[in-house]
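Report on the structure
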Amino acid sequence: MSHKLNLLYVFTALLLHFFATTLATEPWNTDQQQDHQLIKEHGLIHHVLFNQQCQKTLAQLAITTTCQVLNSDMINAFSLADGNLVISLGLLKKTRNRDQMAHVLAHEFAHHQLDHFHELAQFIAKPPTFFPKRKLHKLRQKQEHDADDWADERLQAHGFDHRQIHHLWQQLSQSEQLKKWSDHAPLQKRIDTKALQATVLIDPEWRLLIRDLSQR
Ligand SMILES: [Zn+2]
């Protein structure tokens, strides 16, 4: 084999290695880095009463993890690599009862429980030859759907009203910039009009707690 050909092999191998590692690690790292960046940028709120309520909700859902509040008015919630949950103040301000927060937390925990980040990383590491983008989009949609189903079941099994979340989604979808909530499915697609027939529970105690959390 000629010297030039050898070099070409080495170069190609390096190039392949570079793309393989970049593709394999990028989505996972990007998601994780973004979440950690958000915490660094905005900070977390420590509010004893609220934290108690949040932990109580998780305990009732039989979810063993912690929840924390991101000090930002953006609408967001995510689970960290260790399964700990973060929900933004902006999103909490829109909730009208504990059932809505319970659904948000259960949905985020479902991504962790169902190993979605790992599944996504594996897909990116070995993308299919045909229509990789379309298939990736489908996989993400399926994961969102599965996380919603997981949350619905969990809420129903543990005495929460799983229909309440649809009122929150509807409320959010009515604000122009929020047709889509971060990387989640478009809100309109998530809303079940049948679920909206259940009246929205206005919980004054919950509203007071959120107001106190916002004004601490
Ligand atoms: Zn999700």
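Now for a look at the structure at hand. Just so it is clear, the model here is predicted, and its values are computed rather than measured.

**Considering the pairing of strand E4 (residues 85-88)**
- Residues of E4 alternate between two faces, with Leu85 and Ile87 on one and Val86 and Ser88 on the opposite face, all of them buried.
- Note that strand E2 (residues 67-70) and E4 share 4 bridges and pair parallel. Considered in E4, the bridge of leucine 70 is made with serine 88.
- As judged from the 3 bridges shared by strand E3 (residues 77-79) and E4, these two strands associate in the antiparallel manner. Within E4, the position partnered with alanine 77 by the bridge is isoleucine 87.
- In this structure, the hairpin formed by E3 and E4 is closed by a connection of 5 residues, where glycine 83 is found at a positive phi of approximately 90°.

**Structural notes on unusual backbone geometry**
- Residues other than glycine seldom take positive phi values, yet alanine 62 does so here, at roughly 60°.
- By the secondary structure assignment, alanine 62 is in the loop between helix H2 (48-60) and E2.
- The phi dihedral of phenylalanine 131 is positive, around 50°, even though this residue is not glycine.
- Its 11 C-beta neighbours within 10 Å are what place phenylalanine 131 among the exposed residues.

**With respect to the packing of helix H4 (residues 98-113) against helix H7 (residues 164-173)**
- Here H4 crosses H7 at 85°, and the two axes come no closer than 8 Å. Considering their axes alone, H4 and H7 lie roughly perpendicular with respect to each other. On H7, the residues that touch Asp99, Gln100 and His103 of H4 are Gln164, Ile165 and Leu168.
- Across the contact of H4 with H7, the residue classes tally to 2 nonpolar, 3 polar and 1 charged.

**Notes on the environment of histidine 158**
- Tracing the chain through its elements places histidine 158 in the loop between helix H6 (132-157) and H7.
- In this structure histidine 158 comes out as partly exposed when scored by C-beta crowding, with 15 C-beta atoms within 10 Å.
- Residues within four places of histidine 158 in sequence aside, it is in contact with Gln60, Leu61 and Ala62.

**Topic: the nonpolar core**
- With 26 residues, the main nonpolar core has Ile87, Leu92, Ala102, Leu105 and Ala106 as its most contacted residues.
- When residues of this core are assigned to their parent elements, the largest contribution, 7 residues, is made by H4.
- In contact with leucine 92, other than residues within four places in its own chain, are Val69, Ile87, Met101, Ile210 and Leu213.

**Brief notes about the packing of H4 against H6**
- H6 packs onto H4 with a crossing angle of 130° between their chain directions and a minimal axis gap of 8 Å. Judged by the angle between their axes, H4 and H6 are oblique. Crossing handedness for the pair H4 and H6: right-handed. Along its contact with H4, which presents Asp99, Ala102, His103, Ala106, His107, Ala110 and His111, the element H6 presents Gln143, Ala147, Asp148, Trp150, Ala151, Arg154 and Leu155.
- A class-by-class count of the residues in the contact of H4 with H6 yields 7 nonpolar, 4 polar and 3 charged.

About the criteria used
Residues numbered from 1 in each chain as written. Predicted model: local features only at pLDDT ≥ 70, side-chain atom pairs only at ≥ 80, totals over all residues. Buried ≥ 20, exposed ≤ 12 C-beta atoms within 10 Å, placed from the backbone. Helix = DSSP H or I, 4+ residues; strand = E, 2+ residues; numbered from the N terminus. Pairing = 2+ DSSP bridges. Axes fitted to C-alpha atoms, helices over the stretch in contact; angles between N-to-C directions. Parallel < 35°, antiparallel > 145°, perpendicular 65-115°, else oblique. Contact = placed C-beta atoms within 7 Å. Nonpolar A, V, L, I, M, F, W, Y, C, P; charged D, E, K, R; others polar. Core = buried A, V, L, I, M, F, W, Y, C linked by C-beta atoms within 7 Å. Left-handed = near helix turned anticlockwise from the far one by under 90°.

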